[in-house]
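The chain contents come next:
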Amino acid sequence: MSHPEAVVEVTNLCTRFGTTLVHDNVSLEVRRGEIFAIAGASGCGKSTLLREIILLERPASGSIRVFGREVLGLGDVEALPLRKRWGVMFERGALFSSLTVSENVGLPLREHTELGNALIDELAAIKIALAGLPPSAGAKYPNELSGGMRKRAALARAIVLDPELLFLDEPTAGLDPLSASGFDELVQHLKETLGLTIMMVTHDLDLLWRVADRVAVLGEGRVLGVGSMEELSQSDHPMVREYFYGPRGRAAREQAWKRK
Amino acid sequence: MPTDPPEPSVADADVQLAEGAVVRCVGAWTVHGVARLEGRLAALRWPQAAEITIDGAAVSAMDTAGAWLLQRAVRALEGAGCKVVLHGLSPQHEALVAMVRARAAEVATVPTAAAPRLLERTGLLAWQHALQVAGMLTFIGEAAVVGLRSLRHPSRLRWRPVLHNLHGAGFNALPIVGLLSFLMGTVIAYQGAEQLRRYGANIFIADLVGLSMLRELAPLLTAIIVAGRSGSAYAAQIGTMKVTEEIDALRTIGIVPTELLVLPKILALIIALPLLTVYADMMSIFGGMVMARAQLGVSFEDFIDRFGDAVRLSSYLTGIGKAPVFAAIIAVVGCFQGFQVQGGADSVGRQTTVSVVQAIFLVIVADAIFSVVFSTLHI
């Protein structure tokens with residue numbers, strides 16, 4: 001399944017927690033320039049899959065290739081060049097509480113480039129603005145921000161090195177509907193201006209309909225279906241149908257049709 | 001940009017002067033390529049012309065950092081009254097520059113907070129300390145109210161956490177308290193032995209070790225060990241629970257956090273610390289006995305004979321009597337500092353440090369007050 005433009009390729013991945021099989025031969029690929037989403041019920045191993053791709057957890061067997069390189073078994077030194085080319089936004093932000101937002105965002109630049117302090121602050125300010133935060137947010141500490149602002153700050157930190165690949169873990173979880181739909185537009189906008197490839201884990205159906213180019217539905221440890229939302233909504237698989245034709249799925253689908 | 005090959009070869013970004021007021025940009029204008037570009041741009045002798053053309057056709061890659069530097073240079077030229085024409089940039093790069101230009105206003109207006117002056121800092125510090133004292137008094141009051149309520153209804157007291165804390169702060173501390181007390185006893189005896197031998201007063205080693213250990217050192221040493229072991233643990237535990245909103249969850253369920261988290265700790269430590277002090281007394285005297293026999297030839301029997309004559313019961317009891325007060329100080333300070341945590345991991349670390357420093361400080365102050373009171377009462 002080697003696709004010339006595949007940025008992330010997961011092949012025959014198996015993960016075990018104790019005796020539970022979390023992933024049973026999961027295979028999928030993310031192509032350059034697309035917004036790829038992993039959906040599925042809570043506890044189906046979505047976040048675990050993401051954490052395995054970004055080298056935070058190790059699967060039992062299988063292969064994960066990012067930018068064409070096998071990442072499993074890489075040490076910290078070998079993984080560094082890869083880590084500089086992707087950005088990760090965690091579900092709860094994971095901002096460093098002892099640093100201001102501006103310092104949080106500038107940290108990767110300070111660590112990985114030789115740019116001057118003034119330039120780093122300016123670049124951080126651009127990314128903070130790009131993430132939709134007011135300029136005054138830069139001087140604040142994470143605990144002075146609301147949940148939605150913290151997510152935006154986390155996004156600003158994830159994109160500060162202009163990564164080619166952006167991982168988002170539940171980008172809209174815990175946001176009010178207004179902020180969440182603002183986030184949809186933000187993700188679209190970033191993808192277009194920075195030319196990003198985005199891989200996200202979410203169960204926000206609105207987000208899936210609005211921004212995802214392709215979606216993989218995980219369930220029972222396997223990939224139940226991959227495709228655009230329209231394709232998936234035609235799926236015969238009972239779990240996929242349940243996912244999309246539950247009351248919430250129907251409402252989100254109608255919303256999406258109305259917009260077209 | 002994402003269209004680069006997997007391992008982009010980073011040719012350093014640069015600017016070159018060309019014929020006819022044209023400045024040519026070359027190389028990778030990316031975050032890894034522009035390290036020296038900032039200095040190059042500043043040092044460049046820009047053409048003295050009313051209109052300058054910047055040619056970006058030779059830019060191999062560009063990201064936000066490169067676009068920002070370009071935008072900054074353009075802005076500086078325009079500020080000097082030049083007309084600047086951007087030329088030859090690929091559509092993608094042009095979009096990036098436009099995006100950065102749109103955000104430029106917000107970068108310029110980043111507010112920088114002025115560093116406070118000496119007077120302001122002093123005032124701020126004094127105010128914070130005043131708030132701390134007030135907060136501590138409030139906390140003690142709250143704990144007392146909850147404590148009295150629990151005394152009236154002893155069935156409401158949470159015995160399981162009390163026993164749990166008794167085990168953690170008391171029983172588990174036995175090895176370290178025993179070892180350190182034993183060593184302290186040997187050290188005191190060793191230091192005293194030199195002096196006593198000179199006067200042939202070998203047997204007085206029992207007075208020296210007995211009185212100093214039982215009255216002062218064993219209670220103090222035990223309290224300091226427990227402050228470091230358990231006081232810090234209390235602060236860290238409650239602080240982390242505050243960060244993760246577990247304290248708020250307790251309140252909403254209708255459990256008073258003081259009742260569940262603070263009272264059992266105070267109670268357990270008030271029980272555990274005197275017992276630990278008795279154990280420390282025994283171990284330190286034993287340490288003194290071992291050293292007395294080794295250095296001064298005072299046998300165990302002689303030591304114990306003299307010990308019974310020299311050390312009155314009141315000396316032993318004054319030492320033990322201080323322990324519950326020390327225990328209350330350690331537990332209250334540890335819990336209070338835990339509740340003072342605000343924000344995240346950093347704050348937990350800071351309050352934990354403060355809890356240990358404050359607890360040890362207050363224990364020693366209390367010990368000094370005890371000494372004054374005991375000596376005026378001739379105990």
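Since this is a predicted model, take the numbers as computed values, not measurements.

Rules behind the numbers
Residues numbered from 1 in each chain as written. Chains lettered and ligands numbered in written order. Predicted model: local features only at pLDDT ≥ 70, side-chain atom pairs only at ≥ 80, totals over all residues. Helix = DSSP H or I, 4+ residues; strand = E, 2+ residues; numbered from the N terminus. Rg over C-alpha atoms; globule rule 2.2 N^0.38 Å. Buried ≥ 20, exposed ≤ 12 C-beta atoms within 10 Å, placed from the backbone. Contact = placed C-beta atoms within 7 Å. Domains from an automatic or database assignment. Axes fitted to C-alpha atoms, helices over the stretch in contact; angles between N-to-C directions. Left-handed = near helix turned anticlockwise from the far one by under 90°. Nonpolar A, V, L, I, M, F, W, Y, C, P; charged D, E, K, R; others polar. Expected span 1.5 Å × (residues − 1). Pairing = 2+ DSSP bridges. Right-handed = clockwise from strand over helix to strand, strands pointing away. Core = buried A, V, L, I, M, F, W, Y, C linked by C-beta atoms within 7 Å. Parallel < 35°, antiparallel > 145°, perpendicular 65-115°, else oblique. pLDDT = per-residue confidence, 0-100.

1. Section: the overall build of chain A
Secondary structure summary: chain A contains 10 helices and 10 strands in total. The C-alpha atoms of chain A give 18 Å as radius of gyration, which agrees with the globular expectation for 260 residues (18 Å, within 12%). For chain A, the spread of C-alpha atoms along the principal axes amounts to about 55 × 45 × 35 Å. Taking all 260 residues of chain A together, the buried fraction comes to 47%. Here the analysis covers contacts within chain A between residues at least 6 apart in sequence; of these, 63% occur between residues at least 24 apart.

2. Let's talk about the overall build of chain B
Helix and strand counts for chain B come out as 12 helices and four strands. Here the C-alpha radius of gyration of chain B, 35 Å, is well above what a compact globule of 379 residues would show, namely 21 Å. For chain B, the spread of C-alpha atoms along the three principal axes comes to 105 × 60 × 50 Å. Here chain B, with 379 residues, has 36% of them falling under the buried criterion. Across chain B, contacts joining residues at least 24 apart in sequence account for 84% of those joining residues at least 6 apart.

3. Topic: the domain arrangement of chain B
Partitioning chain B into domains gives domain 1 (14–108) and domain 2 (129–376). Of note, the centres of domain 1 of chain B and domain 2 of chain B, computed from C-alpha atoms alone, are 67 Å apart.

4. Description of the packing of helix α7 (residues 205–243) of chain B against helix α9 (residues 257–296) of chain B
All names here are of chain B. It is at 7 Å that the axes of α7 and α9 come closest, and there the two elements cross at 145 degrees. As for how α7 packs across α9, the hand of that crossing is right-handed. A breakdown of the residues in the contact of α7 with α9 according to their chemical character gives 19 nonpolar, six polar and two charged.

5. A word on helix α4 (residues 118–152) of chain B
With 35 residues, α4(B) extends 51 Å between its outermost C-alpha atoms, agreeing within 8% with the 51 Å of an ideal straight helix rising 1.5 Å per residue. For α4(B), the buried fraction is low: one of the 35 residues fall into the buried class.

6. Quick look at the environment of V256(B)
Tracing the chain through its elements places V256(B) in the loop between α8 (246–253) and α9. For the pair formed by V256(B) and A218(B), sequence separation is 38 residues and the distance between their alpha carbons is 36 Å.

7. Details of helix α4 (residues 117–130) of chain A
Each turn of an α-helix holds 3.6 residues, which means side chains three or four residues apart point in the same direction. With 14 residues, α4(A) ought to run about 20 Å at 1.5 Å a step, and its terminal C-alpha atoms sit 20 Å apart, in line with that. With 11 of its 14 residues buried, α4(A) lies for the most part within the structure.

8. Concerning the sheet that holds strand β7 (residues 165–169) of chain A
Residue and element names in this part refer to chain A. Across the sheet, six strands lie side by side as β6-β7-β8-β3-β9-β10; this open sheet has mixed pairing. Where the open sheet ends on each side, the last strands, each with one partner, are β6 (86–89) and β10 (222–227). Put simply, the sheet's adjacent strands are angled 15 degrees from each other on average, direction ignored.

9. Examining unusual backbone geometry
Residue and element names in this part refer to chain A. For N12, which is not glycine, the phi dihedral falls at a positive 50 degrees. For N12, the location among the structural elements is in strand β1 (residues 6–17). Taking the C-beta count within 10 Å as the criterion, N12 has 13 such neighbours and is therefore assigned partly exposed. The phi dihedral of N25 is positive, around 55 degrees, even though this residue is not glycine. Using a count of 14 C-beta atoms within 10 Å as the deciding quantity, one classes N25 as partly exposed.

10. Side note on the sheet that holds strand β3 (residues 51–62) of chain B
All names here are of chain B. Spatially, β1-β2-β3-β4 is the arrangement adopted by the four strands of the open sheet, whose pairing is mixed. One side of each edge strand has no neighbouring strand; the edge strands of this open sheet are β1 (14–18) and β4 (83–87). Ignoring strand direction, the axes of neighbouring strands in this sheet form an average angle of 25 degrees. Across five bridges, the pairing between β1 and strand β2 (residues 22–29) is antiparallel. Its bridge partner lying in β2, L17 is registered against V23.

11. Here's the deal with the interface of chain A and chain B
Taken together, the contacts link 31 residues of chain A with 29 residues of chain B. Examining the composition of the side of chain A that touches chain B, we find that seven residues originate from one element, α4(A), more than from any other. Each residue belonging to the side of chain A that touches chain B can be placed in one class, and the counts come to 14 nonpolar, 12 polar and five charged.

12. Comments concerning the pairing of β4(B)
Residue and element names in this part refer to chain B. Of all five residues in β4, zero are buried, a share of ten percent or less. Summarising the sheet, β3 and β4 pair through five bridges and their orientation is parallel. If you follow D55 over to β4, its bridge partner there is H87. Read as a crossover between parallel neighbours, the route from β3 over helix α2 (residues 64–79) to β4 is right-handed.

13. What about the nonpolar core?
In globular proteins that are soluble, nonpolar side chains generally tend to be buried together. Residues I128(A), A153(A) and A156(A) are the most contacted members of the largest nonpolar core, which totals 106 residues. With nine residues, the single largest contributor to this core is α4(A). Look past the residues within four positions of A156(A) in its chain and what remains in contact with it is V105(A), K127(A), I128(A), L130(A), A131(A) and L133(A). Membership of the second largest hydrophobic core comes to 59 residues, among which are M213(B), A227(B), A235(B) and A331(B).

14. Focus: the pairing of strand β2 (residues 20–31) of chain A
Residues and elements named next belong to chain A. Note that β1 and β2 share eight bridges and pair antiparallel. Following the sheet pairing, V8 is matched in β2 by V30. Hairpin connection of β1 to β2: two residues between the antiparallel strands, including G18 at a positive phi of 65 degrees.

15. Quick word on the packing of helix α11 (residues 313–339) of chain B against helix α12 (residues 345–376) of chain B
Angle between the axes and distance between the axes: these two values describe a pair of packed helices. Residue and element names in this part refer to chain B. Between α11 and α12, the least distance of the axes is 9 Å, while the angle of their chain directions is 150 degrees. On the basis of their axis angle, the class for α11 and α12 is roughly antiparallel. Here α11 and α12 pass one another in a crossing that is right-handed. Two secondary-structure elements touch here, α11 through T318, K322, V325, F326, I329, I330, V333, G334, Q337 and G338 and α12 through Q351, V354, S355, Q358, A359, L362, V363, A366, D367, F370 and F374. Among the residues forming the contact of α11 with α12, the class breakdown is 12 nonpolar, seven polar and two charged.

16. Side note on the confidence of the model for chain B
Residue and element names in this part refer to chain B. When the pLDDT values of chain B are averaged, the result is 88; 96% of them are 70 or greater. Note on residues 1–9: pLDDT under 50 across the span, and 15 contacts to partners over four residues away in sequence or across chains. As scored by the predictor, the complex reaches a pTM of 0.71 and an ipTM of 0.73.

17. Considering the environment of L99(A)
All names here are of chain A. By the element assignment, L99 lies in the loop between β6 and α3 (101–112). On the basis of neighbour counts, which here come to 15 C-beta atoms within 10 Å, the residue L99 falls in the partly exposed class. Leaving out residues up to four positions away in the same chain, L99 has contacts with N104 and L107.

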